[in-house]
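# Structural description and commentary
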Amino acid sequence: MTILISADAERVATLSEILRREFPGRRVLAAPEGVMPGDMAAEDVRYLVTYRAPAGLRRLLPALRCVFSLSAGIDQFRQDDFPEQTELVRLVDPAVAASVADYVTLSVLLIHRDLLAYMVQKARRQWRQLPNPLPSERQVGILGLGELGSAAAERLRPFGFRLAGWSRTPRDVPGVASFTGVAGLKQMVSKSDILVCLLPLTEETRGIIDAELLAALPEGAGLVHAGRGPQLDQRALLAALNEGHLSAAVLDVTDPEPLPPDDPLWTHPRVILTPHVASQTRAGSAARTIAENIRRAERGEAMIGSVPRGVAC
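The structure presented is a predicted model; accordingly, all values stated were derived computationally and were not measured.

All right, on to the environment of proline 258 then. With respect to the secondary-structure elements, proline 258 resides in the loop between strand 11 (246-251) and strand 12 (271-273). Under the relative-accessibility criterion, proline 258 is labelled exposed at 69%. The sequence separation of proline 258 and proline 275 amounts to 17 residues, and the corresponding C-alpha distance is 7.4 Å.

Take a look at the structure:
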């Protein structure tokens, strides 16, 4: 049974080396992302490792057993294009969760200590101290309490912030007040001095951070957006920043990516932009996670990160 890896050259090399070592009797093929290698017997491919599956997967790989996403997000895949028996498995990798938790913690502290405001003052040659509330006087609200949101909350807990989280279903995360539903979202947002988005992109979360939600945040609140670009109304964000309702925003994702050169977010003094780097796949740890899931599949066990068809995650 063949394992096909479709990704960038650097990650393909590491993934191929480790998977060949883990499964010495298997054929491991590599191809650029979205391209099927010409020397491949399609009926032999059981596992596809990729960021983005090519169109027509049902026809191209009819015997495919699993598609392993090389990212925690899976909104780029169309399961209705998969063969009937094919499972989609998102990447559940502790290294990714740790990376996101680092990014969120850095961003929350940057907003909490008004670093962007001080950078604006520096550009104006102003020397003025700003009020500095204690962490216990501020709430950090996290949109999305899955693996990534829970890891971020755990990393933030020692700083003493009041922590709250909103998710599709109730979650029991130590030290985090859990909210669900439309009413719960409004309740949490209204008390969140710093709002963090780590939601997956679904039809329900598309455009969730709109003008109404931003207006519901307390005056002077900050935003950390590391979910998916289409969840945020960027014009509404700019308006909230320009009106002074929001004090700062840290954006790791945008719509589109990359932003056009003339987009005002590039030059806004109260916005920090990073190029979708909050979580970067580590090929080594990802390969070991995928190898364990292949063993689970072949033992008839549930795979970690398996996404049932039609279920938003």
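What follows picks up the thread again.
The next point concerns the pairing of strand 6 (residues 139-143). Summarising burial for strand 6: five of the five residues are buried, a large majority. Residues Gln139, Gly141 and Leu143 line one face of strand 6 and the alternating positions Val140 and Ile142 line the opposite face, and both faces are buried. One ladder, built from five bridges, connects strand 6 with strand 7 (residues 162-166); its direction is parallel. Pairing of isoleucine 142 across the sheet is with glycine 165, part of strand 7. One crossover worth recording links strand 6 to the parallel strand 7 by way of helix 5 (residues 147-156), and it is right-handed. In this sheet, strand 9 (residues 194-197) lies alongside strand 6 in parallel orientation, the contact comprising four bridges. Looking across to strand 9, one finds that leucine 143 is bridged to cysteine 197.

Interaxial distance between helix 3 (residues 94-112) and helix 5 falls to 8 Å at its minimum, and their mutual angle equals 50°. Taken together, helix 3 and helix 5 sit at an angle that is classed as oblique. The chirality of how helix 3 crosses helix 5 is right-handed. The segment helix 3 lies against helix 5, with Pro94, Val96, Ala97, Ala98, Val100, Ala101, Asp102, Val104, Thr105 and Val108 engaging Glu147, Leu148, Ala151, Ala152, Arg155 and Leu156.

About the criteria used
- Starting from 1, residues in each chain are numbered consecutively following that chain's sequence as written.
- Totals for whole chains, interfaces and linings use all residues, but because this is a predicted model, local features are given only for residues with pLDDT of at least 70 and pairs of side-chain atoms are given and counted only at 80 or more.
- Working from all heavy atoms in the structure, the side-chain values ignore hydrogens and water.
- Helix and strand assignments follow DSSP, with helices taken as H or I runs no shorter than four residues and strands as E runs no shorter than two, numbered in order from the N terminus.
- With a 1.4 Å probe rolled over the protein chains alone, any residue whose accessible area is under 20% of its type maximum counts as buried; one over 50% counts as exposed, and the rest are partly exposed.
- Two strands are counted as paired when DSSP detects at least two bridges linking them.
- Here, the term right-handed applies to a crossover whose path from the first strand over the helix to the second runs clockwise when the strands point away from the viewer.
- Here an axis means a line fitted to C-alpha atoms, over the contact stretch when the element is a helix, while the angle between two N-to-C directions is reported on a 0 to 180 degree scale.
- Our angle categories are set so that under 35 degrees counts as roughly parallel, over 145 as roughly antiparallel, 65 to 115 as roughly perpendicular, and the remainder as oblique.
- Less than a right angle of anticlockwise turn of the near helix away from the far helix marks a crossing as left-handed, whereas a clockwise turn marks it as right-handed.
- In this analysis, two residues are considered to be in contact whenever any of their non-hydrogen atoms come within 4.5 Å of each other.

Nothing here speaks to function; it is geometry throughout.
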